[in-house]
Amino acid sequence: KQEVTQIPAALSVPEGENLVLNCSFTDSAIYNLQWFRQDPGKGLTSLLLIQSSQREQTSGRLNASLDKSSGRSTLYIAASQPGDSATYLCASDSWGKLQFGAGTQVVVTP
Amino acid sequence: EPEVTQTPSHQVTQMGQEVILRCVPISNHLYFYWYRQILGQKVEFLVSFYNNEISEKSEIFDDQFSVERPDGSNFTLKIRSTKLEDSAMYFCASSERRQPNTGELFFGEGSRLTVL
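This section reports on the structure supplied with the text.

What counts, and at which threshold
- Residues numbered from 1 in each chain as written.
- Chains lettered and ligands numbered in written order.
- Predicted model: local features only at pLDDT ≥ 70, side-chain atom pairs only at ≥ 80, totals over all residues.
- Heavy atoms only, no water.
- Helix = DSSP H or I, 4+ residues; strand = E, 2+ residues; numbered from the N terminus.
- Buried < 20%, exposed > 50% of the residue type's maximum accessible area, 1.4 Å probe, protein only.
- Contact = heavy atoms within 4.5 Å.
- Areas by Shrake-Rupley, 256 points an atom, 1.4 Å probe, with all protein chains shown as cover.
- Lys, Arg positive; Asp, Glu negative; His and termini not counted.
- Charge placed at Lys NZ, Arg CZ, Asp CG, Glu CD.
- Pairing = 2+ DSSP bridges.
- Axes fitted to C-alpha atoms, helices over the stretch in contact; angles between N-to-C directions.
- Buried area = accessible area lost by both parts, 1.4 Å probe.
- Salt bridge = Lys/Arg side-chain N within 4 Å of Asp/Glu carboxyl O.
- Polar contact = N/O pair within 3.5 Å; in protein donor to acceptor, adjacent residues only side chain to side chain.
- Nonpolar A, V, L, I, M, F, W, Y, C, P; charged D, E, K, R; others polar.

1. Describing the overall build of chain B
Here comes step 1: For chain B, the helix and strand inventory stands at zero helices and eleven strands.
Here comes step 2: The linear arrangement of helices and strands in chain B, starting from the amino end, is β-β-β-β-β-β-β-β-β-β-β.
Here comes step 3: Counting across all 116 residues of chain B, residues that qualify as buried make up 46%.
Here comes step 4: Contacts in chain B between residues far apart in sequence, at least 24 positions, make up 54% of those at least 6 positions apart.
Here comes step 5: Counting only carbon and sulfur atoms, one obtains 45% of the accessible surface of chain B, whose full area is about 5900 Å².
Here comes step 6: Once the 11 positive and 16 negative side-chain charges of chain B are each reduced to a mean point, those two points are 2 Å apart.

2. What to know about the sheet that holds strand E3 (residues 19–24) of chain B
Residue and element names in this part refer to chain B.
Here comes step 1: Ordered in space as E1-E3-E8-E7, the four strands form an open sheet in which the pairing is antiparallel. In this open sheet, the two strands that pair with only one neighbour each are strand E1 (5–7) and strand E7 (65–68). Taken over all neighbouring pairs, the strand axes of this sheet differ in orientation by 20° on average, direction set aside.
Here comes step 2: As paired strands, E7 and strand E8 (residues 75–79) are joined by four bridges and run antiparallel to one another.

3. A word on the interface of chain A and chain B
Here comes step 1: Contact residues are listed per partner, giving 22 residues for chain A and 20 residues for chain B.
Here comes step 2: Roughly 1800 Å² of surface becomes buried between chain A and chain B when both sides are summed, with 53% attributable to carbon and sulfur atoms.
Here comes step 3: Scanning the region where chain A abuts chain B turns up one salt bridge.
Here comes step 4: In this structure, Lys97(A) and Glu56(B) form a salt bridge, with 2.9 Å as the shortest nitrogen-oxygen distance.
Here comes step 5: For the pair chain A and chain B, the number of links is seven residue pairs in polar contact (both at pLDDT 80 or more).
Here comes step 6: Of all elements in the fold, only strand E4 (32–38), strand E5 (44–51), strand E9 (86–94) and strand E10 (97–100) of chain A reach the threshold of two or more residues within the side of chain A that touches chain B.
Here comes step 7: Tallying contributions element by element places E4(A) first for the side of chain A that touches chain B, with four residues.
Here comes step 8: Here the residues of the side of chain A that touches chain B sort into ten nonpolar, eight polar and four charged.

4. What about the pattern of salt bridges?
Here comes step 1: Throughout the structure, instances matching the rule amount to four salt bridges over all chains.
Here comes step 2: Here Arg37(A) makes a salt bridge to Asp39(A), at a shortest N to O gap of 3.0 Å.

5. Remarks on the sheet that holds strand E1 (residues 4–7) of chain A
Residues and elements named next belong to chain A.
Here comes step 1: Pairing in this open sheet of five strands is antiparallel, and the strands run E1-E3-E8-E7-E6 from one edge to the other. Of all strands in the sheet, those with a lone pairing partner are E1 and strand E6 (56–59), marking the two edges. Across this sheet, the average inter-strand angle for adjacent strands is 15°, counted without regard to direction.
Here comes step 2: As defined by bridge partners, strand E3 (residues 19–25) adjoins strand E8 (residues 72–77) across six bridges and the pair is classed as antiparallel. Bridge pairing in E8 places Asn22 opposite Thr74.

6. Thoughts on the pairing of E9(A)
Residues and elements named next belong to chain A.
Here comes step 1: For E9, the tally of buried residues reaches seven of nine residues, placing the bulk of the element in the interior.
Here comes step 2: Examined bridge by bridge, E4 and E9 share seven bridges and lie antiparallel to one another. When the bridges of E9 are listed, Phe36 appears paired with Leu89.
Here comes step 3: Pairing between E9 and strand E11 (residues 104–109): three bridges, direction antiparallel. When the bridges of E11 are listed, Ala86 appears paired with Val106.
Here comes step 4: For E9 and E10, the ladder comprises four bridges, and the chain directions are antiparallel. Opposite Ala91, over in E10, you have Phe100 as the bridge partner.

Set out below in structure tokens:
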């Protein structure tokens, strides 16, 4: 059974610092790895999707890498802003069924 | 930008009552899902739905749960007799492609169900 783990569980940084969020998964037989943002009491906003054949994906200040062989993905957020404060979830995709990590709660202080 | 919409945003019900949660997936998407998140816990898969039938369901999705696409736009989750432990945020999602590689899933804002 796929297990997805996110470290750290919480992170607080001053504005302007780069964020590094880690995600690990136990079963490398995945099709995609998807990163989401969740604001308190809100839905899941898709940030990036990395297909299993890709090594990384970029969108604006966000960059996500994927190493299937080691079962790891990393989300980098450059030059963090207070508006980046949220919980970030990663999810591995096997046959259209996402397995989520518990998330990393990020606070960016002004 | 196309989005998944869910209603109601919050529903309070008494234990044993039936609840229907509604979703309008993105119009050209073919695959539909329900997930749930109990407060403080991980988001969990409930069920996937394609071509008017269930593709896969989790152990959570027992006989108390059912899904339906009653018309060309809505996708519903019914809980027949709610229990206290059904209290959670329920998320609907859709994707453009079918299994096995469904690509990006797009989620709605969720329906918070509180069972008293």
